[in-house]
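For reference, the chains in residue letters:
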Amino acid sequence: MTQEAKQGDKITCHVDGMLVHVIKRHLEKHHPEWTIERYQQTYPGEPILSAYAEQVIAQERAKSQTAAATHSVTDANAGSMQSVMSTFREIFGLPDVPAAKNVRGEDIKLERFENHNEEDAAMVPDVDPRYVFNIDLTKKIMAGIRLRKNVYLWGLHGSGKTTALEQYCARTGRPFSRVQHTANTEESHILGQYVVRDGQTEFQLGPLPMAMMNGWVYCADEYDFAMPFVIAVYQSVMEGKPLVIKDAPPEFRIIRPHPEFRLVATGNTNGCGDETGLYQGTQIQNAANYSRFGVTEEVKYPEKDVEASIVSSQARVKKPEAVKIVEFANKVRDEFREGRCSMTVSPRELITAAELAVAFGNDWKLGLRLAFTNRLSRIDQQVMGDFMQRIWA
């Protein structure tokens, strides 16, 4: 290898006489029946890399070593994240009620993290001062996080599964990495892959190893949309073991979890398939994978008064109007449960409807039509229109 090696300096493939840089890659693409071992046995002593390819590989190796050093620094900085003790009530702004305390009636002690490095600080979610915490759900999330158990929240759309996890991290100062899953999600999207940057090939770590190295909370969102054979990559990590990336360069091949790394996930089903007909694309999942979640909780729509408080706070409308829109929502949900309506309505849609209603001069029926009922069949729209007429006559 010399510094004078040029991209045009290719070598000859003796199978077909083509000029190439890398014999192995050429064989895989054009002559899959040939292996590199067979080629070397058939043409002993012939080069399998051009001088230019050797130069690029050497540069990649040097860059990987630099990247490894950089990530070692990142690990050290992650360790500088400090925890300070506070109380469950103070951190989440909860009232002095028995539900916010332990079984002995004492305040629950909870750590909150401070003094993040720049990268970690960018990953901590913003605190939503108007968010209304479900005390019971928040305590279950806290138990999973503190006991290092994987947490899975599932339920109907818009029930606040991801937001509950995100706002937990926002209040406790934990960096939060959210990754969406679809039927097209591949292992490389999670673990990392080789990419070309500035004409050079380098390995780019995926979101999971980055979260593991830096001690972030990794949220596998829409978990049940991914194919079961893809999410199998999480299983060793869910057991608390190192992540092995078999295709990565040596310095990234084994990723050991940071002490503060946590894995959480959300979905519309509990892995047994869609029972409602609303969530096309969800998959029946592998029971062995789901058995690795230490905390599993169905997140249901809130009680009437709590939901009215959420709508009032988030949409900034008066409580009596929020109560009316929640009354409408519960009528819709009753119809859906009885099979007389094809769709249910979520708190997220109610908040949007309330914001639109205010924008159109407190026209609540218009707000609901734009945010929800216009998506229904014409028969369901008629039924919903009757409900709205009775509530806002």
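Let me begin by describing the structure that accompanies this report. Position numbers for residues count from 1 along each chain, tracking the sequence in the order it is written. Residue-level local features of this predicted model are given only where pLDDT is at least 70; pairs of side-chain atoms are given and counted only at 80 or more, and the full residue set underlies all totals for whole chains, interfaces and linings. Based on all heavy atoms of the structure, the side-chain values leave hydrogens and waters out of the count.

## A word on the overall build of the chain
A helix here means a DSSP run of H or I that spans at least four residues, while a strand means a run of E at least two residues long, and both kinds are numbered starting from the N terminus. Counting its secondary structure elements, the chain contains 18 helices and 13 strands. If one aligns the C-alpha atoms of the chain with their principal axes, the spans along those axes are about 90 × 55 × 40 Å. The classification of residues rests on relative accessible area computed with a 1.4 Å probe and restricted to protein chains. Under 20% of the type maximum is buried, over 50% is exposed, and intermediate values are partly exposed. Here the chain, with 393 residues, has 46% of them falling under the buried criterion. Between two residues, a contact is recorded if the distance between any of their heavy atoms is within 4.5 Å. Nonlocal contacts in the chain, meaning residues at least 24 apart in sequence, comprise 70% of its contacts between residues at least 6 apart. With residues, only the protein chains shown are counted as cover, and all accessible areas are computed by Shrake-Rupley using a 1.4 Å probe. In the structure as shown, the chain presents an accessible area of about 20400 Å², 50% of it carried by carbon and sulfur atoms. Think of it this way: Lys and Arg go in the positive column, Asp and Glu in the negative one, and His and the chain ends go nowhere. Taken as the charge centre is NZ of Lys, CZ of Arg, CG of Asp or CD of Glu, depending on the residue. The distance from the centre of the 46 positive side-chain charges to the centre of the 51 negative ones in the chain is 5 Å.

## Details of the packing of aromatic side chains
Think of it this way: a Phe, Tyr or Trp ring, Trp meaning its six-membered ring, pairs with another when their centres are within 6.5 Å, and the plane angle makes it stacked under 30 degrees, edge-to-face over 60, tilted otherwise. In this structure the tally under the stated criterion is 19 aromatic pairs. For the pair W34 and Y39, a centre-to-centre distance of 6.5 Å together with 65° between the ring planes defines the contact as edge-to-face. A single burial state applies to W34 and to Y39, both of which are buried. Here the aromatic rings of Y39 and Y43 are separated by 5.1 Å at their centres, their planes lie at 55°, and the arrangement is tilted. Taken together, Y152, Y218, Y223, Y234, Y290 and F293 form an aromatic cluster joined through their ring pairs. We count a charge as sitting over a ring when the NZ of a lysine or the CZ of an arginine lies within 6 Å of the ring centre and within 35 degrees of the ring normal. Positioned over the ring face of W34 is R38, at 3.8 Å from the centre of the ring.

## Quick notes on the pairing of strand β8 (residues 200–205)
Paired strands, in this sense, are two strands between which DSSP finds at least two bridges. Note that strand β7 (residues 192–197) and β8 share 6 bridges and pair antiparallel. Pairing of G192 across the sheet is with L205, part of β8. Linking two consecutive strands that pair antiparallel, namely β7 and β8, is a turn of 2 residues; a positive phi of about 55° is found at D198 within it.

## A word on the pattern of salt bridges
Just to be clear on terms, a salt bridge is a Lys or Arg side-chain nitrogen sitting within 4 Å of an Asp or Glu carboxyl oxygen. According to the stated counting rule, one finds 19 salt bridges in the structure shown. Salt-bridge contacts for K319 lead to D305; the nearest nitrogen and oxygen are separated by 3.6 Å. Residue K319 is found in helix α15 (residues 319–337), and its partner D305 is found in helix α14 (residues 304–315); the two are separated by 14 residues along the sequence. Here E335 ties to R340 by a salt bridge, and the two come within 3.1 Å at their closest N and O atoms. Since its relative accessible area comes to 14%, E335 is described here as buried.

## A short note on helix α1 (residues 23–30)
Buried within α1 we find I23, H26 and L27. All buried residues of α1 lie within an arc of 100° about the axis, which places them on one face of the element. What points out from α1, more than 90 degrees from its buried face, is the exposed set R25, E28 and K29. Looking at the buried residues of α1, the elements they touch are β1 (11–12), β2 (19–20) and α2 (36–42). Regarding the arc, it is the one traced by the directions from the helix axis to the C-beta atoms.

## Overview of the nonpolar core
The set of buried Ala, Val, Leu, Ile, Met, Phe, Trp, Tyr and Cys residues whose side-chain atoms join them within 4.5 Å is what this entry labels a nonpolar core. In this structure, L208, Y218, Y223 and Y234 are the most contacted members of the largest nonpolar core, which totals 33 residues. Those elements that place two or more of their residues in this core are β5 (151–154), α8 (187–191), β8, α9 (207–214), β9 (217–221), α10 (228–231), α11 (235–238) and β12 (262–267). With 5 residues, α9 is the largest single contributor of residues to this core. If we ignore the near neighbours within four places in the chain, the residues touching Y218 are S177, V179, H181, I190, P207, L208, A211, Y234, F261, R262, L263 and V264.

## Focus on the packing of helix α6 (residues 135–146) against helix α7 (residues 161–172)
Only the stretch in contact is used when a helix axis is fitted, and all axes are lines through C-alpha atoms; the angle between N-to-C directions ranges over 0 to 180 degrees. Look at α6 against α7: their axes get within 11 Å of each other, and the N-to-C directions meet at 65°. You can see that α6 and α7 cross each other, and the crossing is right-handed. Residues L137, T138, I141, M142 and I145 of α6 form the contact with α7, whose participating residues are A164, L165 and Y168. Under the scheme applied, nonpolar residues are Ala, Val, Leu, Ile, Met, Phe, Trp, Tyr, Cys and Pro; charged residues are Asp, Glu, Lys and Arg; polar residues are all the others, including Gly. Class assignment of the residues belonging to the contact of α6 with α7 gives a composition of 7 nonpolar, 1 polar and no charged. What makes a crossing left-handed is the near helix being turned counterclockwise from the far one by less than a right angle; a clockwise turn instead makes it right-handed.

## Structural notes on the sheet that holds β9
Across the sheet, which stays open at both edges, the 5 strands sit in the order β6-β9-β12-β5-β13 with parallel pairing between neighbours. Whereas interior strands pair on both sides, the edge strands pair on one side only; in this sheet they are β6 (176–180) and β13 (295–298). Geometrically, the sheet is characterised by an average inter-axis angle of 15° between neighbouring strands, direction not taken into account. Where β9 meets β12, 4 bridges bridge the pair, whose relative direction is parallel. The residue of β12 that forms the bridge with A220 is A265. Relative to β13, α6 is tilted by about 160°, and along the sheet it contacts β5, β12 and β13.

## Considering helix α18 (residues 378–391)
Taking 1.5 Å of rise per residue, the 14 residues of α18 would be expected to cover 20 Å, and the 20 Å separating its terminal C-alpha atoms lies within 8% of that figure. Listed in full, the buried residues belonging to α18 are D380, M384, F387, M388 and I391. Down the axis of α18, the buried side of the element spans an arc of 95°, and every buried residue falls inside it. Seen from the open side of α18, the exposed residues pointing more than 90 degrees away from its buried face are R378, I379, Q382 and R390. One less than the number of residues in a helix, times 1.5 Å, gives the span that helix is expected to have.

## Side note on the environment of R256
Residue position: R256 is located in the loop between β11 (254–255) and β12. The exposure class of R256 is exposed, given its relative accessible area of 58%. Separated by 12 residues in the primary sequence, R256 and V244 have C-alpha atoms spaced 8.8 Å apart. With near-sequence residues (within four places) excluded, R256 lies in contact with M212 and P242.

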